[in-house]
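Chain and residue survey
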Amino acid sequence: TVLDDNKMLCLANSERIKLTPFMHMCFEVQDLAVASPATVSRCGMVFIDPSDLGWQPYFERWLRDLPRVAQEAKDYLHELCTAHVSKILYLVRKLLLQTIDQVDLGKVAAMCTIMAELFKKSNSVAAWDDATCDNTKGTVAMCLVFAMTWAIGGNLDQSSHEEFDTLMRERFEDCREVKIPGLGQLFDFRLDFETSPPTFKKWEEVVPKFKYDMKVAFFDMLVPTVATVKYSYLLEMFSGANRSVLFTGQTGVGKSAIANDCMASLEAKGEVVPVTINFSAQTSSNRTQAIIESKLEKKRKNIIGAPRGKKVLIFVDDLNMPKLDTYGSQPPIELLRQYQDFGGLYDREKLFWKEIADVTLHAACAPPGGGRNPVTPRFIRHFAMLT
């Protein structure tokens, strides 16, 4: 009835609230799967196609506000992205296999995060000099290729890696600043900033040697490999930028082991407080909120957060296990999405809004199927995805 001409809001406790003529309701929904025809007929409908907005407005705003980068370097980066990003996104969507579908804007946001973190490691992008402009261009181009590899290609199934590598090489073969080694795929290389401009070097060169410790239980040992090194590097990079990461892949490939090992190494440095939550089909939003709040400190009346000088990393394992409710949503995931969207949660007893500070959310899940449910894309969009 609140949508009728009389604008009367009837609550479950029999209270009735009359809306004034100047008050209107606006809904933003993913679909109309649980909307009745009566509701639909009372609302004007505006459908927004994903292709209408595109990734360019987000990228241009991020580029404008990017600190410590010369304007000429920004212009060159804008030129490269305009030439290559849309084409690569289109080809990946049409030709290659993604483990879990992700919107293009989420990939571009992850790409921007990686580039911002990489630019912090290089001094050459801060100033533009005609004598060293080739070095600066090389740095920008190499950082872009590395960022596109992991932000756009990181979510691809292993079977599509070779095709993605070929696509990237073909797109950048005319760009003389990009130098990709012939042997190996782009996923096999890291950026070495000891040279200017940075060069691609194999991840194998930085894999630490395994040291056997008799005091460590057998099942707690993790032998360093190329995979553990590169995914730990990326997780640490995204954590430093307060960007969430979602590890996907089949059961038993080591998603949780890599995440827990990286969080343990960050904890050893005294930088973070790790919190692990294991989801199951019976997990409730009440229990999830209680676990999160138990690890945080009260800072002010309406702000809770990490201990002073630290950050809390929350790792959610088996993210897509909670069962669906009557309307097809997963309450624990909707709770986490509320935090990702608005930066806080409601106090369930006193019913006021609490902001959460210095907390980053990471997660792992296998693809949907066999008791695992598809996760709403409204939540997935907040994550950089790595398979």
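Here the structure is a predicted model, which is why all the values come from computation and not from measurement.

Rules of the game
- Residues numbered from 1 in each chain as written.
- Predicted model: local features only at pLDDT ≥ 70, side-chain atom pairs only at ≥ 80, totals over all residues.
- Heavy atoms only, no water.
- Helix = DSSP H or I, 4+ residues; strand = E, 2+ residues; numbered from the N terminus.
- Pairing = 2+ DSSP bridges.
- Axes fitted to C-alpha atoms, helices over the stretch in contact; angles between N-to-C directions.
- Contact = heavy atoms within 4.5 Å.
- Core = buried A, V, L, I, M, F, W, Y, C linked by side-chain atoms within 4.5 Å.
- Buried < 20%, exposed > 50% of the residue type's maximum accessible area, 1.4 Å probe, protein only.
- Parallel < 35°, antiparallel > 145°, perpendicular 65-115°, else oblique.
- Left-handed = near helix turned anticlockwise from the far one by under 90°.

1. Quick word on unusual backbone geometry
- The peptide bond linking Ser196 to Pro197 adopts the cis configuration, its omega dihedral lying at 0°.
- Residue placement: Pro197 occurs in the loop between strand E3 (189-192) and strand E4 (199-202).
- Positive phi, close to 55°, is recorded for Asp318, a residue that is not glycine.
- The residue Leu351 is not glycine, and still its phi comes out positive at about 60°.
- Tracing the backbone through its elements, the reader meets Leu351 in the loop between strand E10 (344-346) and strand E11 (353-357).

2. Digging into the sheet that holds strand E9 (residues 311-317)
- Spatially, 5 strands are ordered E6-E9-E12-E5-E13 in an open sheet, and the strand pairing comes out parallel. Taken across any chain shown, the strands that pair with only one partner, and hence form the sheet edges, are strand E6 (272-278) and strand E13 (383-386). With direction set aside, neighbouring strand axes in the sheet form an average angle of 20°.
- Alignment of strand E5 (residues 244-248) against E13, held across 4 bridges, turns out to be parallel. Paired with Phe247 across the two strands is Leu386, which belongs to E13.
- Against the sheet, helix H11 (residues 331-342) contacts E5, E9, strand E12 (359-365) and E13, and its axis sits at roughly 140° relative to E12.

3. Observations concerning the nonpolar core
- One finds Phe59, Leu77 and Met111 to be the most contacted residues of the largest nonpolar core, which totals 72 residues.
- Examining the composition of this core, we find that 12 residues originate from one element, helix H6 (residues 133-152), more than from any other.
- Among all residues touching Phe59, those that are not within four sequence positions of it are Leu77, His78, Cys81, Val108, Cys112 and Met115.
- Core analysis: the second largest hydrophobic core is formed by 29 residues, Val312, Leu335, Tyr339 and Met385 among them.

4. Here's the deal with the packing of helix H4 (residues 71-95) against H6
- In the contact formed by H4 and H6, the axes pass within 10 Å of each other and the chain directions differ by 25°. The pairing of H4 with H6 is recorded here as roughly parallel in orientation. With respect to the hand of their crossing, H4 and H6 are arranged in right-handed fashion. Taking contact as the criterion, the partners of Ala73, Tyr76, Leu77, Leu80, Cys81, His84, Val85, Ile88, Leu89 and Val92 in H4 are, on H6, Thr136, Lys137, Val140, Ala141, Leu144, Met148 and Ile152.

Functional significance is not addressed by these values, which are geometric in nature.
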